[in-house]
Amino acid sequence: KDQLIATCTVKNGRPSANISWFLGDEPVSEGLHMAAETCLEQSKGRCTIQQNLTRVLQAADHKKELKCVSSHQSLDRPQETTFEISVTYPPRKKSDPIQFFNLVEGALGEAKVMVEANPQPRIIWAIGGERIHENSKNGRFTVKRTEPKAPGQYETVLQIDDLTKEDTMKEYKITAHNDLGETEYIIILSTSEEPPKVLEMGADIIIIIIVTIVLLLVIIGGVLYARAKGKLCFAAGDAEKRITSPSEGTENPAVNHHASTEYISNSDLKKEKPKEDTPV
């Protein structure tokens, strides 16, 4: 990737001016070097301040303005210097096939694809092995001229007259290439309705949802089991109910006591006879 190195210098400030950087309308905080200040006595204490910016350029930076803005207490409004960034890059890749749904049999089928590149790429469509260059036609298939839509964005359009079911079964590819590289895109045409977005979620998200549901079911099951068995926080309440609300027909030993009328008399105790001495 290309690296941009920019320097902003503001001279003869007393005190020195302040420097701010912007890329488009967004302030820049990364890649800034410590500002260097130089003040000379022979220039009556006026100071020069200088700051460098280092940035790895991205495709999204293309055609944006890099601005150095200086502000000072003696200025009515900030002053700025701008520089338009130009980034060159090959056609950008797309990880998934580009799909078109809800096409109608017997009607005009159309597929519009946006390709990001700089400089402008050259486009070739491959339809079931047949190659069609931009701004040309082959039977019912027409590839329109590639049109720029925004900085670094170009639209290519395929049109199919009297679309048939067999047309949706063919293999469609786009090859986009410029001086910096070449990229291939897979195109899928379908007369079916677009599937719900939930089916397009990644495997990681689906796994997280499933695990969350399972954990929730386990927690609910544990709470219901504890409630049924009188475990955990439900045990005290159940025990209290068993003491204060005895079942009908069951005597509660905590409140019903009857003194026993039975006693043991001395006559009931059998005295043990003393052992007789036996002569030896």
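Residues numbered from 1 in each chain as written. Predicted model: local features only at pLDDT ≥ 70, side-chain atom pairs only at ≥ 80, totals over all residues. Heavy atoms only, no water.

Per an unreviewed UniProt entry, the protein chain goes by the name Ig-like domain-containing protein and belongs to Homalodisca liturata. Under Subcellular location (unreviewed entry), UniProt gives the following word-for-word description of the protein chain: "Membrane". (UniProt positions renumbered as here; feature names shortened; annotations may be inferred.)

### Focus on the state of the cysteines
All told, the structure shown has two disulfides when counted by the stated rule. Covalent S-S linkage joins C8 and C68, the inter-sulfur distance amounting to 1.5 Å. Between C8 and C68 the disulfide shows an S-S torsion of about -55 degrees. By sign, it is left-handed. You can see C8 sitting in strand 1 (residues 3–13) and its partner C68 sitting in strand 6 (residues 65–71), a full 60 residues away along the chain. (Disulfide = S-S within 2.5 Å. Helix = DSSP H or I, 4+ residues; strand = E, 2+ residues; numbered from the N terminus.)

### A word on the sheet that holds strand 4 (residues 36–39)
With respect to topology, three strands assemble into an open sheet ordered 1-5-4, the strand pairing being antiparallel. For this open sheet the edge positions go to strand 1 and strand 4, each flanked by a neighbour on one side alone. Here the average twist between neighbouring strands, direction ignored, is 15 degrees. Direction of pairing for strand 1 relative to strand 5 (residues 47–56): antiparallel, over a ladder of nine bridges. Looking at strand 5, one finds that L4 is bridged to R55. (Pairing = 2+ DSSP bridges. Axes fitted to C-alpha atoms, helices over the stretch in contact; angles between N-to-C directions.)

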